[in-house]
Amino acid sequence: MPDSLVGLELDNGGVVFKFLKTAKETNGELHAQEARYAPRSPKPPSHRHPFQEERFVVLEGGMHFHVDGVGRDVKQGEEIVVPKASFHWARNPHDAPTVVLWETRPALRTADFFVAMNRAGRGKGKPPLHEAAAILREYDEVFELEKPSPLVQKVLFGCLAPFGRAALRR
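Calculation rules
- Residues numbered from 1 in each chain as written.
- Predicted model: local features only at pLDDT ≥ 70, side-chain atom pairs only at ≥ 80, totals over all residues.
- Heavy atoms only, no water.
- Helix = DSSP H or I, 4+ residues; strand = E, 2+ residues; numbered from the N terminus.
- Buried < 20%, exposed > 50% of the residue type's maximum accessible area, 1.4 Å probe, protein only.
- Contact = heavy atoms within 4.5 Å.
- Areas by Shrake-Rupley, 256 points an atom, 1.4 Å probe, with all protein chains shown as cover.
- Lys, Arg positive; Asp, Glu negative; His and termini not counted.
- Charge placed at Lys NZ, Arg CZ, Asp CG, Glu CD.
- Patch = residues over 30% accessible without salt bridge, like charges linked within 9 Å, V, L, I, M, F, W, Y side chains within 5 Å.
- Salt bridge = Lys/Arg side-chain N within 4 Å of Asp/Glu carboxyl O.
- Axes fitted to C-alpha atoms, helices over the stretch in contact; angles between N-to-C directions.
- Parallel < 35°, antiparallel > 145°, perpendicular 65-115°, else oblique.
- Nonpolar A, V, L, I, M, F, W, Y, C, P; charged D, E, K, R; others polar.
- Pairing = 2+ DSSP bridges.
- Polar contact = N/O pair within 3.5 Å; in protein donor to acceptor, adjacent residues only side chain to side chain.
- Core = buried A, V, L, I, M, F, W, Y, C linked by side-chain atoms within 4.5 Å.

Enquirer: For the overall build of the protein, give the residues involved together with the corresponding values.
Expert: What the protein contains, in helices and strands, is 4 helices and 11 strands. The C-alpha extent of the protein, read off along each of the three principal axes, is 45 × 40 × 30 Å. Going through the 170 residues of the protein one by one, you find that 44% of them count as buried. Pairs at least 24 apart in sequence give 66% of the contacts found in the protein among residues at least 6 apart. Carbon and sulfur atoms make up 56% of the accessible area of the protein, which amounts to about 9100 Å² in all. Computed over 24 positive and 22 negative side-chain charges, the inter-centroid distance for the protein is 6 Å.

Right, here's the structure in full:
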């Protein structure tokens, strides 16, 4: 991996991330990225960040956020904070692109997680299940799915992760 990930752009098929600051530059305090959402971007799975708070500022366009069961539209110039451990998802439901400043505190291994998911997804979004299982087990301190239940995830991902790790090494 390069010495610094600042400036790195990752395209997952519906959102393009550009890293502005990572744990390395902020002494672990902050991961900041610009996110460019395509019009009518797909809805990601509901998830949480067990030890991290997120802050989103809409720079252009608008987003729909769903946090702990409550929906909220956020327009240009507005912001929303997602408390740590809150299940959430966000997407651009509009016909025009949206640009968001997205901050995660503390940074933990957020940049590495996004890089791993992007590589496994081959720039198309969702990676194969066995590869996602390996990544989600590796980065469980920064990302956890709401469904299936934690017990099912533990068993299923535990069984699939060895195959995923082998595929990721290739």
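Continuing now.
Enquirer: I'd like a description of unusual backbone geometry, backed by residues and values.
Expert: With the exception of glycine, most residues fall at negative phi, and the peptide bonds are largely trans. The linkage connecting Arg 105 with the following residue, Pro 106, adopts the cis geometry, with an omega of -15°. Tracing the sequence through the fold places Pro 106 in the loop between β10 (98–105) and α2 (110–121). For the bond from Lys 147 to Pro 148, the omega torsion is -5°, close enough to zero to count as cis. Relative to the helices and strands, Pro 148 resides in the loop between β11 (144–145) and α4 (150–169). Positive phi, close to 45°, is recorded for Leu 108, a residue that is not glycine. When you line up the elements, Leu 108 lands in the loop between β10 and α2.

Enquirer: So what about a positive patch on the surface? Which residues, and what values?
Expert: On the surface, a cluster of positive charge is contributed by Arg 137, Lys 154, Arg 165 and Arg 169. With 3 residues, α4 is the largest single contributor of residues to the positive patch. Relative to the helices and strands, Arg 165 resides in helix α4.

Enquirer: Account for the packing of helix α3 (residues 129–138) against α4, with residues named and values stated.
Expert: For any two helices packed against each other, one specifies the crossing angle of their axes together with the interaxial distance. Between α3 and α4, whose axes approach to 6 Å, the crossing angle comes to 105°. Relative to α4, the element α3 is oriented roughly perpendicular. Contacts from Leu 129, His 130, Glu 131, Ala 133, Ala 134, Ile 135, Leu 136 and Arg 137 of α3 reach α4 at Lys 154, Phe 157, Gly 158, Leu 160, Ala 161, Phe 163, Gly 164, Arg 165, Ala 167 and Leu 168. A per-class count over the contact of α3 with α4 returns 11 nonpolar, 3 polar and 4 charged.

Enquirer: Would you mind going over the sheet that holds β10 in detail, with residue names and values included?
Expert: If you walk across this open sheet you meet the 6 strands as β1-β2-β3-β10-β5-β8, and the pairing is antiparallel. Edge positions in the open sheet fall to β1 (9–11) and β8 (79–82), since each of these has one partner strand only. Each strand axis lies, on average, 20° off the axis of its neighbour in the sheet, ignoring direction. Sheet analysis places strand β5 (residues 53–60) next to β10, joined by 7 bridges and oriented antiparallel. Paired with Arg 55 across the bridge in β10 is Glu 103.

Enquirer: Tell me about the environment of Glu 141, and name the residues and values.
Expert: Considering the arrangement of structural elements, one finds Glu 141 in the loop between α3 and β11. Glu 141 gets classed as buried once you look at its relative accessible area, which sits at 18%. In the structure, Glu 141 is positioned 89 residues away from Gln 52 in sequence and 8.7 Å away in space, judged by C-alpha atoms. Among the polar contacts made by the side chain of Glu 141, one reaches the side chain of Arg 109 at a distance of 2.7 Å.

Enquirer: So, the nonpolar core: which residues are in play, and what are the values?
Expert: Counting 21 residues, the largest nonpolar core has Phe 17, Phe 19, Tyr 37, Phe 56, Met 63, Phe 65 and Trp 102 as the members making the most contacts within it. Going through the elements one at a time, β2 (15–21), β3 (31–37), β5, β6 (62–67), β8, β10 and α2 are the ones with two or more residues in this core. Beyond its immediate chain neighbours, meaning those up to four positions away, Phe 56 contacts Phe 65, Glu 78, Glu 79, Ile 80, Val 82, Val 100, Leu 101 and Trp 102. By size, the runner-up hydrophobic cluster in this structure holds 12 residues, among which are Ala 116, Ile 135, Tyr 139 and Leu 145.

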